[in-house]
Each structure stands twice: as C-alpha cells, then as structure tokens.
Amino acid sequence: MNEWIGFIIGRLLATSTFLLGAVVVAQTIIVIFRPRSSRAYCLLWGLVLTQGIVFLQVPIQLSTTKAIAPVLNGVPTVNTTSPVATGVDRTAHPEPHVASHEGAPREWLGYLSSTAATAWLLGIVIILVRWVMAYCHFLRIAECPRCDIAMWNSEASDLCRTHGIRRHVNIHVSANIGPVLYWHPTGHRIVVPHKMWGSLSEMQRRTILRHELSHLERHDIVKLLIASCVALLHWFNPLAWFALRRYEESTEWACDDAVAVRSMTTELPMQRHCLAWGRPVVPLLALRPLTA
C-alpha cells in the first residue's frame, strides 16, 4: 500500500512540475508573440492543462540473457561459492547478521507519503464541498419564473435554431441576476435581469443571447468542468488555478469572436458592458464548472 501511495504522490508532483513549466512557457509565448486568435489562446491553455493529467509512465522492456558459466579450454568452470563445490555447508555456520539502518528512512518516507496523500485528498474533498454548496446556493437565488414575454422567448428560440441547438433553452427573468447561462437539473437555463433586459434594444438582446448560446454550442460548460477537475487535482499549485482562469478567459474571448462573426461587426461596447454589469453575485470560482 505504501508503495502505491508513494508512486501516486511522486507522479502527482512530477505532473504538477510539468504543469508549472507549461504555464511559464505559455505565458512567455503570449508575451513574445501576442497571438490575436482566440482559438490559439484556447488551444494553448488547453494544452497547458493537459500536462496536469499525464500520470502514466511509459514502460521500457530490456532484453535479458541468462548467465552462462564461462568455459575455459572446453571445460566449464565450477562455482566455488556453492556448498556442493566446496563441500562446506554454509547453512550450518551462517554468517553473522549485520544490522541495517535502511528500515528507518523507509518508514519515514512511508509516513510522509501517507501524510501527503491524506492532505491531498482532504483538500480535494473540501473544495468539492465548497463547489457543491455554492452551486446549491446559486440554484436557490437563481430560482425565478420563466419569461412570459413572447418577444423575448421568440428571440431565444430563433437564435437556438440559428446555432443548431436542438435542446430548448428556457429564459428565466430575475430581479438582479444575469445574464448568465447555467446548467440546471431540468436543463440549461439563461437568467436575465428584468429591468436591464427591458431597457436593451432587440439587437443588443440578441447579441448577448448569441454570446451565451455560443458557450452551449462550444460545450464550454463541459470543457470548463473537465478543466476544473484537472486544477482540482493540483489544488496545491497556484499556477494550476492561474491556467484555469486563463482558459476561462479564452472561452469568453472565443464567444465574443463568434458573436462578432455572426453579427458582422467587431465593436460591441454596449453588449460587453451589459455582460460585465450583469454577472451573478456568487463567486465565479465556485460556479466555474457549472456556469458560463
């Protein structure tokens, strides 16, 4: 058991070191080359996060040959250390046992490995509990009635057909939460604040809906969930959370680009202002795997 624990902790530290180096390399590439493509950013930070799941070792097999007794002048040599060859039974006169001090370091290493594994698992459990509690809290505060304004529902339905989204995405209206797309046990929902949503023009509402539906079209909620699980494995490494934030930013940028392409424009100051103004009150770190 201690050997398995030591192996897992060793591989975890190795992959975390690879992840740290990948973050440094990615940030250096961004500073030097300054790529302007959102796909490049998504790919770059996605590759960085994949370094955190490389737990496997590549086995290498070396061919071995059996030891063959040397032959001198056609006559095989005899092993003089054998009791048969020497005629002396060494079992009757065993050599004195020499005390070894290798047991103590192994015991300490086993104790340290078990302690590190316990702390690692405890940290994962604590973060998971916080995420679940935050998600349940968000579900409670985001519980609001479905939109009963036909024009707003029609806009969402039209855009779902345009994006090729077969599942129906319900629009829910709240007092001060949103706009935000999140997963609910009954399906995906988009929550919008009633006062702000009513003050926007149809083009502005459609632009914001395009952004939110782009997350669903790109499967960003699933991707962020997987990325968050990778960062969770390396919760003790702050650069893992840094890479996760950069990946989340790249998905937001990619959705902005998708909206710009479909809207045939590259300037969306009003829409971005609305998106920044309408963020949910729950911390995004806790809701990252569940909202977009």
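Residue positions are counted from 1 within each chain, in the order its sequence is given. Side-chain atom pairs in this predicted model are given and counted only at pLDDT of 80 or more, local residue features only at pLDDT of at least 70, and totals for whole chains, interfaces and linings cover all residues. Side-chain measures were taken over the full set of non-hydrogen atoms in the model, leaving aside hydrogen atoms and water.

Draft legend 1. Fine view of the overall build of the protein. The helix and strand inventory of the protein stands at 11 helices and five strands. Note on exposure labels: buried denotes an accessible area under 20% of the residue type's maximum, exposed denotes more than 50%, and partly exposed covers the range between, all computed with a 1.4 Å probe on protein chains only. In the protein, which comprises 292 residues, the share counted as buried stands at 38%. Pairs of residues are marked as contacts when any of their non-hydrogen atoms sit within 4.5 Å. Long-range contacts, defined as pairs at least 24 residues apart, comprise 73% of the intrachain contacts of the protein with a sequence gap of at least 6. Note on areas: these come from Shrake-Rupley sampling with a 1.4 Å probe, and a residue is covered only by the protein chains present in the view. Counting every atom, the protein has about 18400 Å² of accessible surface; 65% of that belongs to carbon and sulfur. Runs of H or I in DSSP of at least four residues are treated as helices and runs of E of at least two as strands, each being numbered from the N terminus.

Draft legend 2. Quick look at the packing of aromatic side chains. The pairing test for Phe, Tyr and Trp rings, Trp by its six-membered ring, is centres within 6.5 Å, and the orientation test on the planes gives stacked under 30 degrees, edge-to-face over 60, and tilted for anything in between. Under the criterion given, the structure shown has six aromatic pairs. Plain terms: the ring middles of Trp131 and Trp241 are 6.4 Å apart, the flat faces sit at 85° to each other, and that makes the pair edge-to-face. Here Trp131, found in helix 4 (residues 103-141), pairs with Trp241, found in helix 9 (residues 238-263); they are 110 residues apart in sequence, far enough to count as distant. Each member of the pair Trp131 and Trp241 is classed as buried. In this scheme, the term charge over a ring applies when either NZ of a lysine or CZ of an arginine sits within 6 Å of the ring centre and within 35 degrees of the ring normal. When the ring centre of Phe242 is taken as origin, the NZ or CZ atom of Arg246, which lies over that ring, is 4.7 Å away.

Draft legend 3. Representation of helix 5 (residues 150-162). In this model, helix 5 (13 residues) spans 18 Å end to end at C-alpha, consistent with the 18 Å of a helix rising 1.5 Å per residue. Listed in full, the buried residues belonging to helix 5 are Trp152, Glu155, Ala156, Leu159 and Cys160. Angularly, the buried residues of helix 5 cover 135° about the axis, an arc narrow enough to put them on a single face. Seen from the buried face of helix 5, the exposed residues on the opposite side, beyond 90 degrees, are Ala150 and Arg161. Once helix 5 finishes, Gly164 follows within two positions and takes phi at roughly 75°, a positive value. Multiply 1.5 Å by the residue count of a helix minus one, and that product is the helix's expected span. As used here, the arc is the angular range of directions from the helix axis to the C-beta atoms.

Draft legend 4. The nonpolar core, seen in detail. Of all hydrophobic cores here, the largest spans 24 residues; its most connected members are Trp45, Val48, Trp241, Ala243 and Tyr247. Elements with a contribution of two residues or more to this core: helix 1 (2-33), helix 2 (38-50), helix 4, helix 8 (220-233) and helix 9. Top element by residues in this core is helix 1. It accounts for six residues. To form a nonpolar core, buried Ala, Val, Leu, Ile, Met, Phe, Trp, Tyr and Cys residues must be joined to one another through side-chain atoms within 4.5 Å. If you look at the next biggest cluster of nonpolar residues, it comprises 20 residues, including Val169, Val173, Leu200 and Leu213.

Draft legend 5. Expanded view of the sheet that holds strand 5 (residues 187-193). Whether two strands pair comes down to DSSP finding at least two bridges between them. Pairing is mixed in the open sheet, where three strands are placed in the order 3-5-4. In this open sheet, the two edge strands, each paired with only one partner strand, are strand 3 (170-174) and strand 4 (180-184). Each neighbouring strand pair of the sheet contributes to a mean axis angle of 35°, computed without reference to strand direction. Taken together, the five bridges between strand 3 and strand 5 define a ladder with parallel strand orientation. Looking at the pairing, Val173 lines up with Val192 of strand 5. For helices, the fitted line uses only the C-alpha atoms of the stretch in contact; every axis is such a line through C-alpha atoms, and the angle between N-to-C directions lies from 0 to 180 degrees.

Draft legend 6. Expanded view of a nonpolar patch on the surface. Residues with no salt bridge and a relative accessible area higher than 30% make up the patches, which join like charges within 9 Å and nonpolar side chains (Val, Leu, Ile, Met, Phe, Trp, Tyr) within 5 Å. Salt-bridge detection follows one rule: a side-chain nitrogen of Lys or Arg within 4 Å of a carboxyl oxygen of Asp or Glu. On the surface, a cluster of nonpolar side chains totalling about 500 Å² of accessible area is made up of Val25, Ile29, Val31, Ile32 and Phe33. Tracing the sequence through the fold places Phe33 in helix 1.

Draft legend 7. Fine view of the pairing of strand 3. In terms of residue burial, strand 3 counts as a mostly covered element, since five of its five residues are buried. Burial of the side chains of strand 3 extends over both faces: Asn170, His172 and Ser174 are buried on one face and Ile171 and Val173 on the other.

Draft legend 8. Spotlight on helix 7 (residues 202-217). For helix 7, built from 16 residues, the straight-helix expectation of 22 Å at 1.5 Å per residue is met to within 8% by its first-to-last C-alpha distance of 21 Å. For helix 7, the buried fraction is high: 12 of the 16 residues fall into the buried class. For helix 7, the complete set of buried residues consists of Gln204, Arg205, Thr207, Ile208, Leu209, Arg210, His211, Glu212, Leu213, Ser214, His215 and Leu216. Following helix 7 by one or two positions, His219 has its phi on the positive side, about 60°.

Draft legend 9. Main features of the packing of helix 1 against helix 2. Where helix 1 meets helix 2, the axes come as close as 8 Å, and the angle between the chain directions of the two elements is 160°. One finds that helix 1 runs roughly antiparallel with respect to helix 2. As for the relative orientation of helix 1 and helix 2, their crossing is right-handed in sense. Facing helix 1, whose interface residues are Leu19, Ala22, Val23, Ala26, Gln27, Ile29 and Ile30, helix 2 presents Tyr41, Leu44, Trp45, Val48 and Leu49. Any angle between 65 and 115 degrees counts as roughly perpendicular, while under 35 counts as roughly parallel, over 145 as roughly antiparallel, and the rest as oblique. Definitions for this section: a left-handed crossing has its near helix turned counterclockwise from the far helix by less than a right angle. A right-handed crossing has that turn clockwise.

Draft legend 10. Structural context of the pattern of salt bridges. Using the criterion set out here, one finds seven salt bridges in the structure. For Glu155, the salt bridge goes to Arg205, with nearest N and O atoms at 2.9 Å. Linking Glu155 in helix 5 with Arg205 in helix 7, this pair joins segments that are 50 residues apart in sequence. Both residues of the pair, Glu155 and Arg205, count as buried. With a shortest N-O distance of 3.1 Å, Glu202 and Arg206 are connected by a salt bridge. Taken together, the positions of Glu202 and Arg206, both in helix 7 and four residues apart, correspond to about one turn of that helix. Look at Glu202 and you get partly exposed, because its relative accessible area is 40%. A single salt-bridge network, built from bridges that share partners, covers Asp158, Arg161, Glu202 and Arg206.

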